[in-house]
Every structure is written in structure tokens, then in C-alpha cells.
Amino acid sequence: ATSPAFLGDNDEELLADAVRSVGAERFARFWRSSSAPDSAFLGAAGIAIEPWTQRWLTRVYGALPPGPRARTSDLLWLSIALTVGLVVARQPPRARSGVAPKGHPYRSDG
């Protein structure tokens with residue numbers, strides 16, 4: 001059994017696609033370079049390796065779906081709920097027995 005590929009099922013095509021898009025001679029210059037891979041690819045291809053790879057991934061696997069987003073109506077309802085919650089939280093405490101809590105202005109003993 002083989003382990004999953006780092007760049008997905010089509011990772012074996014990465015180098016072949018690089019040769020096709022950059023050209024065999026320029027790719028060979030990159031491949032044989034003693035420079036760091038980033039510098040060597042930029043020098044040979046005229047583009048940094050990261051954006052080239054990102055474009056390749058998007059072409060082969062498709063663009064990433066957009067992340068979760070809040071709809072305007074969701075934000076409106078949330079702001080209404082928070083406002084109501086704050087108003088309720090700021091109300092003076094009420095006694096359940098019908099007697100105002102100690103320290104309340106309507107209580108006479110204290």
C-alpha cells in the first residue's frame with residue numbers, strides 16, 4: 001500500500017505539466033540548478049514557484065469553495081437579539097415573592 005500523495009491524486013503530473021508550461025530547456029535549467037528551488041524556478045520560469053503551483057492546483061483540482069459567510073439578515077437578527085438581551089439584563093432584579101429585594105428603592109426596610 002502506498003501513502004496518500006501530498007498534492008493529491010494527480011501529483012505525478014505536476015512535473016510533466018511544469019515541463020510543458022515552462023518549456024523543456026527552461027525546466028532543465030531549473031532542475032539542474034544549484035540554487036534554492038524557489039530561486040531556481042523563478043530564474044528559469046520567470047514566475048515564483050508558489051503562484052505557479054497554486055495555479056496548477058486550481059487548474060487540476062478546481063478553485064477552493066468560498067468560506068462560510070454571514071448573510072445580512074443573520075447579522076440583523078443577531079444585533080436585535082443582542083440589543084434585547086442587553087435591555088433585559090439591565091432591568092432591576094424583581095423579587096419572585098412580590099417583595100422587592102433588599103436595597104431596592106421600593107423596599108422600605110433597607
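Residues numbered from 1 in each chain as written. Predicted model: local features only at pLDDT ≥ 70, side-chain atom pairs only at ≥ 80, totals over all residues. Heavy atoms only, no water.

**Section: the overall build of the protein**
Right, on to step 1. Counting its secondary structure elements, the protein contains five helices and zero strands.
Right, on to step 2. Sequence-ordered secondary structure for the protein, helices as α and strands as β, is α-α-α-α-α.
Right, on to step 3. Long-range contacts, defined as pairs at least 24 residues apart, comprise 35% of the intrachain contacts of the protein with a sequence gap of at least 6.
Right, on to step 4. By element, 59% of the accessible surface of the protein is carried by carbon and sulfur atoms, the whole surface being about 9,300 Å². (Helix = DSSP H or I, 4+ residues; strand = E, 2+ residues; numbered from the N terminus. Contact = heavy atoms within 4.5 Å. Areas by Shrake-Rupley, 256 points an atom, 1.4 Å probe, with all protein chains shown as cover.)

**Concerning the packing of aromatic side chains**
Right, on to step 1. What the rule picks out here adds up to six aromatic pairs.
Right, on to step 2. Here a set of aromatic residues connected by ring pairs shows up, and it is made of Phe 27, Phe 30, Trp 31, Phe 41 and Trp 52. (Phe/Tyr/Trp six-rings, centres within 6.5 Å; stacked < 30°, edge-to-face > 60°.)

**Observations regarding the packing of helix 1 (residues 13-22) against helix 2 (residues 24-32)**
How two helices sit against one another is set out by the angle between their axes and by the gap between those axes.
Right, on to step 1. At their nearest, the axes of helix 1 and helix 2 sit 6 Å apart, and the two run at 125 degrees to each other. The angle between helix 1 and helix 2 falls in the class oblique. Residue-level inspection shows Leu 15, Ala 18, Val 19 and Val 22 of helix 1 in contact with helix 2, the latter providing Ala 24, Arg 26, Phe 27 and Trp 31.
Right, on to step 2. The residue inventory of the contact of helix 1 with helix 2, partitioned by class, reads seven nonpolar, no polar and one charged. (Axes fitted to C-alpha atoms, helices over the stretch in contact; angles between N-to-C directions. Parallel < 35°, antiparallel > 145°, perpendicular 65-115°, else oblique. Nonpolar A, V, L, I, M, F, W, Y, C, P; charged D, E, K, R; others polar.)

**Examining the confidence of the model for the protein**
Right, on to step 1. Averaged over every residue, the pLDDT of the protein is 81; the share at 70 or more is 81%.
Right, on to step 2. Looking over the protein, one finds the lowest element-wise mean pLDDT in helix 5 (residues 72-90), namely 82, and the highest in helix 2, namely 93. (pLDDT = per-residue confidence, 0-100.)

**Section: the pattern of salt bridges**
Right, on to step 1. Tallying each qualifying case throughout the model produces three salt bridges.
Right, on to step 2. A salt bridge links Asp 17 to Arg 59, with the nearest nitrogen and oxygen atoms 3.6 Å apart. Taken together, the residues Asp 17 in helix 1 and Arg 59 in helix 4 (residues 49-61) connect sequence positions 42 residues apart.
Right, on to step 3. For Arg 59, a relative accessible area of 57% puts it in the exposed group.
Right, on to step 4. Across the salt bridge formed by Arg 71 and Asp 74, the nearest N and O atoms sit 3.0 Å from each other. (Salt bridge = Lys/Arg side-chain N within 4 Å of Asp/Glu carboxyl O. Buried < 20%, exposed > 50% of the residue type's maximum accessible area, 1.4 Å probe, protein only.)

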